[in-house]
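Secondary and tertiary structure notes
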Amino acid sequence: MWQLLMPLLALVAPGGGSFSPNRELLECASQILYMDQYAYQLPTNYSRNIPPGKNTTVYIGINVNRVSGVDENREEITLDVFLQVSWEEIRLNVPPGRSFIDLPWEFRQLIWTPDLYIWQLQTMRILSVLQEMASLRLYANRTVSVSIGATITIKCEMDFVLYPLDVQNCAIDFSSYKYTTEDVRFEWREVAPWFGIAGEQRHEFRLPKYVVTFVTDKSNHIRNFGEGEHSAARLQIKLSRELRGYLLESYLPSSLFVIISWGSFCVIPEIVPGRMVLLVTTLLSLVTMFDTVSTNSPDALELKCIEVWLISCTLFVFLALLEYFVVLFGIRYDKSWSRRRQDLRRAASAAQLAPPLHMNHSQDSPILEAIQQSGSANGVWARICTSAEKGVMFCGAQHGALDRYALIVFPLCFILFTVIYWTTYLSEAHRAMHSTRYG
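Now for a description of the structure that goes with this document.

Cut-offs and rules
- Residues numbered from 1 in each chain as written.
- Predicted model: local features only at pLDDT ≥ 70, side-chain atom pairs only at ≥ 80, totals over all residues.
- Heavy atoms only, no water.
- Core = buried A, V, L, I, M, F, W, Y, C linked by side-chain atoms within 4.5 Å.
- Buried < 20%, exposed > 50% of the residue type's maximum accessible area, 1.4 Å probe, protein only.
- Helix = DSSP H or I, 4+ residues; strand = E, 2+ residues; numbered from the N terminus.
- Contact = heavy atoms within 4.5 Å.
- Polar contact = N/O pair within 3.5 Å; in protein donor to acceptor, adjacent residues only side chain to side chain.
- Expected span 1.5 Å × (residues − 1).
- Bend = angle between axes of the 7 residues up to and from the residue.
- Pairing = 2+ DSSP bridges.
- Axes fitted to C-alpha atoms, helices over the stretch in contact; angles between N-to-C directions.

Counting residues in each nonpolar core, the largest one holds 81 residues, and the members touching the most others are Ile60, Ile77, Phe174, Phe214, Ile237 and Trp309. Ranked by residue count, the leading element in this core is helix 5 (residues 305-350), at 10 residues. Excluding residues within four positions of it along the chain, phenylalanine 214 makes contact with Val64, Val67, Leu79, His203, Phe205, Leu235, Gln236 and Ile237.

See below:
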């Protein structure tokens, strides 16, 4: 019996040297003897360290079963996949009358296998229930096929400047670490070569926050490192964010807060508590929303798209509050000027001087009077102060002229901002969707 095992065990021994039988070796030998029932054995001159031939083509096939999760903080994607690697091995034969044979999984250590390297791979775990989900099969056309089911975690460089309109593109490269393009080339094969596989492969997955799409890149890709150029098969992963939730949770409420702030222009300026409560409450609500969104959203080197929107909405409400301060100051100045004019008329009447009914208020203006007393007034400065005073008087007019104009200007400016905002960021998102980021 040992005489029959010796040639087979010699294939297992490192470097073909002498060895002493052990348990692992006997197990491996028994598996090879099991295959001998099909009249199969390795050629005596077979070497597992030499590729089948020059420019060997290795076909990669991947079937994504599930997207387990997307970690934005770590910039990682976790997938459950079935990975298939196949190549032509002209040195191996299948017993006559059989289309293929299943080899023990440990038998891969006795034959040449490509040193597959996934560039963006973080972790990989082969799935198992009663045993590992892995198979090794040899076909009659001398094709070796390795198939495994695994959970893999991929590193994906993400840019969140356009959040939540961002589109993440991740390029995953499958290549060889040792063999250059002269020895091994990697290509995609959409249809698995083994029998019994039916149905179409799923290319899109919908998650609560993302739509994940997988596309195989059929063009030739080269990785330059080490001693030369290495062929690579590239898988493009595209993550498009679901926008509906952000529209309902952030964009719609912030827009309503801005619209509600315009209601303050319809409130009589003298009703200070009502108008102040409306504007201050709206302003604080937007500030709280901005803080919540910034805390719960991923980090970015620049202001994110949604942060630009919330800051702009906060500024619109702040400007409405600032407009009310200007109105209050104008009303106060208007009342002060009116009392001063009445005092001057009474003084003129007492002196039996009949002043004209329409007085030039600039002659008794508190602003110009203070300038004249300081001795620093000149022609240009006086005209500037007169214009400023007229503006203040306009803001403080009892008929609410500034509020009427603000009720027209503020909505028009907000509509203009909304059009510019969505046009700019949607075009950037569309450009990012059709671009490619190499990992």
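Read on, since the account is not over.
Quick look at the side chain of histidine 221 now. Within the secondary structure, histidine 221 sits in strand 11 (residues 210-225). Only 3.0 Å separates the side chain of histidine 221 from the side chain of serine 219, close enough to count as a polar contact. A distance of 3.1 Å separates polar atoms of two side chains, one belonging to histidine 221 and the other to arginine 234. When sequence neighbours within four positions are dropped, the list of residues in contact with histidine 221 reads His230, Ser231, Ala232 and Arg234.

Take helix 3 (residues 244-261) next. Here helix 3 contains 18 residues, and its C-alpha end-to-end distance of 25 Å stays within 8% of the 26 Å for a straight helix at 1.5 Å per residue. Taken as a whole, helix 3 carries its principal kink of about 30° at tyrosine 251; the proline proline 253 stands between one and four residues after it. Among the residues of helix 3, those classed as buried are Tyr246, Ser250, Tyr251, Ser254, Ser255, Val258 and Ser261.

With antiparallel pairing, the five strands of this open sheet are ordered in space as 4-8-12-11-10. A strand with exactly one partner marks an edge of an open sheet, and here the two such strands are strand 4 (116-118) and strand 10 (204-206). The average undirected angle you get between the axes of adjacent strands in this sheet is 25°. Relative to strand 12 (residues 228-241), strand 8 (residues 167-176) is paired through nine bridges, and the arrangement is antiparallel. Considered in strand 12, the bridge of isoleucine 172 is made with leucine 235. Docked against the sheet, helix 8 (residues 401-433) engages strand 8 and strand 12, running at close to 10° with respect to strand 8.

Mapped onto the elements of the fold, histidine 230 is located in strand 12. A distance of 3.2 Å separates the side chain of histidine 230 from the backbone oxygen of serine 176, its partner in a polar contact. The contacts of histidine 230, once residues within four sequence positions are left out, are Ser176, Tyr177, Lys178, Tyr179, Thr180, Thr181, His221, Ile222, Arg223 and Phe225.

In short, geometric facts, not functional conclusions.
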